[in-house]
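Notes for the structure review
The residues making up each chain are set out below.
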Amino acid sequence: MQPFTLNYARPAVQLDVTVPYAYDSGLQLNVLPDGRIAATDHATLRALGTTTSTAGSKTHFDD
């Protein structure tokens, strides 16, 4: 018997998108190439709408 949710679950789609920031595990924040915190850069936020990362899913086993 297959669980009900598996009838609707789909693999995550990998998009070919380049973001101007990277996750810094020491700071636990997204940072720009010049070291500034990405969430404080208004131009980045306007262009992308958010600075999400997969940090939570990589560090918390209960996500």
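Anyway, here's the lowdown on the structure attached to this text.

About the criteria used
- Residues numbered from 1 in each chain as written.
- Predicted model: local features only at pLDDT ≥ 70, side-chain atom pairs only at ≥ 80, totals over all residues.
- Heavy atoms only, no water.
- Salt bridge = Lys/Arg side-chain N within 4 Å of Asp/Glu carboxyl O.
- Buried < 20%, exposed > 50% of the residue type's maximum accessible area, 1.4 Å probe, protein only.
- Helix = DSSP H or I, 4+ residues; strand = E, 2+ residues; numbered from the N terminus.

Examining the pattern of salt bridges
Counted according to the given criterion, the structure contains two salt bridges. Residue R36 pairs with D34 through a salt bridge whose shortest N-O separation is 2.7 Å. What makes R36 partly exposed here is its relative accessible area of 41%. Two residues, D41 and R36, come together in a salt bridge whose shortest N-O distance is 3.1 Å. Overall, D41 belongs to the buried group, its relative accessible area being 12%.

Some thoughts on unusual backbone geometry
Phi at Q28 takes a positive value of approximately 55°, unusual for a residue other than glycine. Relative to the elements of secondary structure, Q28 occurs in the loop between strand 1 (22–24) and strand 2 (29–31). With relative accessibility at 58%, the residue Q28 sits in the exposed group.

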